[in-house]
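The chain contents come next:
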Amino acid sequence: MNICVVGCGYVGLTTGTVLSHFGHKVTCIDIDEGKVDSLNSGKCIIHEDGLEPMLQKQLECETLKFSTDIHTHMRKNEIIIIAVGTPSNGTGQTDLTYIDQVIEYIESLKADQHFQTIVIKSTVPPGTNDYVRNRLLQSGRDKDSFSVISNPEFLREGTAVYDLLHPDKIVVGGRDPLELELIRKMYGYLPSKYFFTSPITAEITKYASNAFLATKISFINEIQRICEAYKGDVSVVAEAIGCDPRIGPDFLKAGLGYGGYCLPKDIQSLTHSAIDKGIVPSLLHAVERVNHSQVDLYIDLLEKEMGTLKDRDITVWGLAFKPNTDDTRDSPSFRLIDGLVDKGSEITAYDPAASGTPKAINVSKDQYESVKGSDVLIIATDWKPFIEADWKRVKALMKGSIIIDARNCLNASIVRQAGLKYLAVGRH
Ligand code: UDX
């Protein structure tokens with residue numbers, strides 16, 4: 001198949017690379033020339049396990065290339081995958097500007113175009129597929145010359161290649177069952193559970209998935225607060241309830257809360273879509289409220305321990321929104337750092353991969369160097385090198401001895417054996 005993927009973000013880049021690995025001829029489009037040049041030279045622009053070697057192999061086989069020339073490639077290819085960003089417009093509503101730009105390009109293609117399948121992979125509010133289809137019809141495009149399919153992506157950052165190769169489900173929102181066959185072929189007939197449904201149902205499925213994950217996290221974070229008040233242990237509660245197959249063990253790690261490009265904006269977008277139809281999304285509101293106030297638990301804990309936080313030297317390990325990624329978008333660690341800076345603390349941060357840093361802080365290139373002379377060390381992201389840190393070395397380098405485990409990921413007794421004071425919320 002000849003495929004054009006529009007947008008070289010996490011979803012577009014990984015999807016394009018994996019589809020070419022399945023044997024298709026793929027061209028990925030992006031407006032950023034620098035990004036396109038790097039990718040064409042085999043340099044992956046994101047920290048994603050297994051992506052760079054696959055990308056280099058596919059470039060060598062000449063089944064994958066990157067380009068800024070959207071016009072030429074859209075015209076030539078039978079499948080156009082839309083994987084552009086759908087950010088929040090600031091009020092929670094999804095901004096469809098980039099989707100609109102792609103439609104404008106498709107509208108401008110000649111009417112005698114061969115049949116084209118437009119696959120919407122970007123996360124879009126319910127009704128977007130119909131909107132795209134109607135716009136193309138209104139622009140004069142013959143209804144028999146194209147189809148618009150919703151095929152939401154469920155990959156996680158950090159394990160995106162694995163998730164694409166081992167999907168637990170593939171959701172196809174379309175109008176003709178033949179479209180399911182086309183998507184199955186596109187994915188190299190991967191063994192998976194396929195759902196063929198309406199575009200609206202496919203669109204809602206994506207939001208429901210992320211909303212449920214966020215709900216699980218906020219649920220366990222609320223239980224964490226109750227554990228803290230009664231001196232219980234949230235880690236044991238989570239492990240025990242997770243044994244029940246109706247609950248399951250995943251997404252029950254209490255801590256600083258969820259972040260990243262997807263969960264926060266998708267909860268807000270779903271909330272917005274609900275309100276648009278006169279529904280009061282009480283649960284979604286609560287999920288967000290709990291998530292946003294998680295950072296306060298840790299700042300309160302530290303204030304209770306130290307009194308004022310003014311002029312305290314605090315080291316934060318972890319800037320990425322989760323381990324194994326360089327992504328810092330909507331990172332809870334940034335929210336924590338902002339809160340501490342407001343209290344007058346001096347912050348030094350270290351992260352093994354983070355691509356961005358908050359303003360007005362020192363960033364260290366070395367994990368151990370970063371704790372030199374610090375009063376407090378906070379673990380804000382559960383990276384493996386933090387979990388396996390040499391705590392005796394940390395103790396020798398620090399001025400103070402407080403370790404705050406804001407991800408409930410450390411072995412408290414190992415930390416204490418090194419002569420450090422281990423603090424967490426809801427772990428007694
Ligand atoms: C998410 C969905 O998991 C994925 O299916 C979808 O396609 C895109 O959005 P991602 O953004 O990569 O993926 O992050 P995810 O692994 O879901 O983690 C989100 C956040 O929740 C992170 O900040 C993480 O630290 C936090 N989290 C996760 C918890 O606080 N506790 C947990 O138990 C799990």
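Rules of the game
- Residues numbered from 1 in each chain as written.
- Predicted model: local features only at pLDDT ≥ 70, side-chain atom pairs only at ≥ 80, totals over all residues.
- Heavy atoms only, no water.
- Helix = DSSP H or I, 4+ residues; strand = E, 2+ residues; numbered from the N terminus.
- Rg over C-alpha atoms; globule rule 2.2 N^0.38 Å.
- Buried < 20%, exposed > 50% of the residue type's maximum accessible area, 1.4 Å probe, protein only.
- Contact = heavy atoms within 4.5 Å.
- Areas by Shrake-Rupley, 256 points an atom, 1.4 Å probe, with all protein chains shown as cover.
- Lys, Arg positive; Asp, Glu negative; His and termini not counted.
- Charge placed at Lys NZ, Arg CZ, Asp CG, Glu CD.
- Near = heavy atom within 4 Å.
- Polar contact = N/O pair within 3.5 Å; in protein donor to acceptor, adjacent residues only side chain to side chain.
- Nonpolar A, V, L, I, M, F, W, Y, C, P; charged D, E, K, R; others polar.
- Domains from an automatic or database assignment.
- Buried area = accessible area lost by both parts, 1.4 Å probe.
- Salt bridge = Lys/Arg side-chain N within 4 Å of Asp/Glu carboxyl O.
- Axes fitted to C-alpha atoms, helices over the stretch in contact; angles between N-to-C directions.
- Parallel < 35°, antiparallel > 145°, perpendicular 65-115°, else oblique.
- Left-handed = near helix turned anticlockwise from the far one by under 90°.
- Pairing = 2+ DSSP bridges.
- Right-handed = clockwise from strand over helix to strand, strands pointing away.
- Phe/Tyr/Trp six-rings, centres within 6.5 Å; stacked < 30°, edge-to-face > 60°.
- Lys NZ or Arg CZ within 6 Å of the ring centre and 35° of its normal.

A few words on the overall build of the chain. A count of helical and extended segments in the chain gives 16 helices and 14 strands. Relative to the 2.2 N^0.38 estimate, which gives 22 Å for 428 residues, the radius of gyration of the chain is 24 Å and therefore close to what a compact globule would have. Residue burial in the chain is summarised as follows: out of 428 residues, 54% are buried. Within the chain, contacts between residues at least 6 apart in sequence are counted, and of these 72% link residues at least 24 apart. Accessible area of the chain: about 19,100 Å², with a carbon and sulfur share of 53%. Within the chain, the 56 negative side-chain charges are centred at a point lying 3 Å from the centre of the 47 positive side-chain charges.

Our next topic: the site of the ligand. Contacts to the ligand come from 20 residues, most closely from Phe 154, Leu 155, Glu 157, Lys 253 and Phe 321. Between an oxygen atom of the ligand and a main-chain N or O atom of Phe 154, the distance comes to 2.8 Å. In this structure, an oxygen atom belonging to the ligand sits 2.8 Å away from a main-chain N or O atom of Leu 155. Protein coverage of the free-state accessible area of the ligand, which is 670 Å², stands at 92%. Per element, the largest residue contribution to the shell around the ligand is 4 residues, and it comes from helix α9 (residues 199-230). The residue makeup of the shell around the ligand, split by class, is 10 nonpolar, 3 polar and 7 charged. The residue makeup of the shell around the ligand includes at least three contributed by each of domain 1 (2-197) and domain 2 (289-423).

Our next topic: the domain arrangement of the chain. Frequently, the measure chosen for interface size is the accessible area removed from exposure when the parts meet. Domain boundaries assigned for the chain yield domain 1 (2-197) and domain 2 (289-423). Taking the mean C-alpha position of each, domain 1 and domain 2 sit 38 Å from one another. Between domain 1 and domain 2, the contact holds 7 residues from the first and 9 residues from the second. In this assembly, domain 1 packs against domain 2 so that about 550 Å² is buried in total across both faces, 41% of it on carbon and sulfur atoms. The largest contributions to the domain 1 side of the interface with domain 2 come from Tyr 10, His 47 and Glu 157, which together make up 81% of the buried area. Where domain 1 touches domain 2, the interface holds 1 salt bridge. Arg 329 is paired through a salt bridge with Glu 157; the nearest N and O atoms lie 3.6 Å apart. Run the count over domain 1 and domain 2 and you get 5 residue pairs in polar contact (both at pLDDT 80 or more).

Okay, the packing of helix α1 (residues 10-21) against helix α3 (residues 51-60) next. Contact pair α1 / α3: the axes reach a minimum separation of 9 Å and the direction vectors enclose 50°. Taken together, α1 and α3 sit at an angle that is classed as oblique. The handedness of the crossing between α1 and α3 comes out as left-handed. Residues Leu 13, Thr 14, Thr 17, Val 18, Ser 20 and His 21 of α1 form the contact with α3, whose own contacting residues are Leu 51, Met 54, Leu 55 and Gln 58. Looking at side-chain class alone, the contact of α1 with α3 contains 5 nonpolar, 5 polar and no charged residues.

This paragraph deals with the pairing of strand β9 (residues 313-317). Among the 5 residues in β9, 4 count as buried, and that is most of the element. By the bridge criterion, 5 bridges tie β9 to strand β10 (residues 346-350) in an arrangement that is parallel. In the strand pairing of β10, Val 316 is matched with Ala 349. Taken together, β9, helix α13 (residues 332-342) and β10 constitute a β-α-β crossover, and its handedness is right-handed. The sheet contact formed by β9 and strand β12 (residues 376-379) spans 4 bridges and is parallel. Note on β12: the bridge partner recorded for Val 316 is Ile 378.

On to the packing of aromatic side chains, then. Tallied over the full model, the rule gives 4 aromatic pairs. A centroid spacing of 5.9 Å and a plane angle of 35° characterise the contact between Trp 317 and Trp 391, whose relative ring orientation is tilted. On the criterion of sequence distance, the pair formed by Trp 317 in strand β9 and Trp 391 in helix α15 (residues 391-397) is long-range, its members being 74 residues apart. Grouping residues by exposure puts Trp 317 and Trp 391 together as buried. An aromatic cluster of three or more residues is present, and its members are Trp 317, Tyr 350, Tyr 368, Phe 386 and Trp 391. Note that Lys 169 overlies the ring of Phe 154, its terminal NZ or CZ placed 4.2 Å from the centroid. Here the basic side chain of Lys 206 rests over the ring of Phe 154, its NZ or CZ set 5.5 Å away from the ring centre.

Taken in spatial order, the 6 strands of this open sheet run β11-β10-β9-β12-β13-β14, and their pairing is parallel. With one partner strand each, in any of the chains shown, β11 (362-363) and β14 (421-423) form the two edges of the open sheet. This element, helix α12 (residues 282-306), spans β9, β12, β13 (402-405) and β14 of the sheet and lies at about 160° to β13.

Let us look at the packing of helix α5 (residues 97-107) against helix α6 (residues 128-138). Between α5 and α6, whose axes approach to 10 Å, the crossing angle comes to 30°. In terms of their interaxial angle, α5 and α6 are classed as roughly parallel. Note on packing geometry: the crossing formed by α5 with α6 is right-handed. Mapping the contact onto sequence places Ile 99, Asp 100, Ile 103, Glu 104, Ile 106 and Glu 107 in α5 and Tyr 131, Val 132, Arg 135 and Leu 136 in α6. Residue classes in the contact of α5 with α6 are distributed as 6 nonpolar, no polar and 4 charged.

Here we come to the side chain of Asn 221. Relative to the helices and strands, Asn 221 is located in helix α9. What makes Asn 221 buried here is its relative accessible area of 0%.

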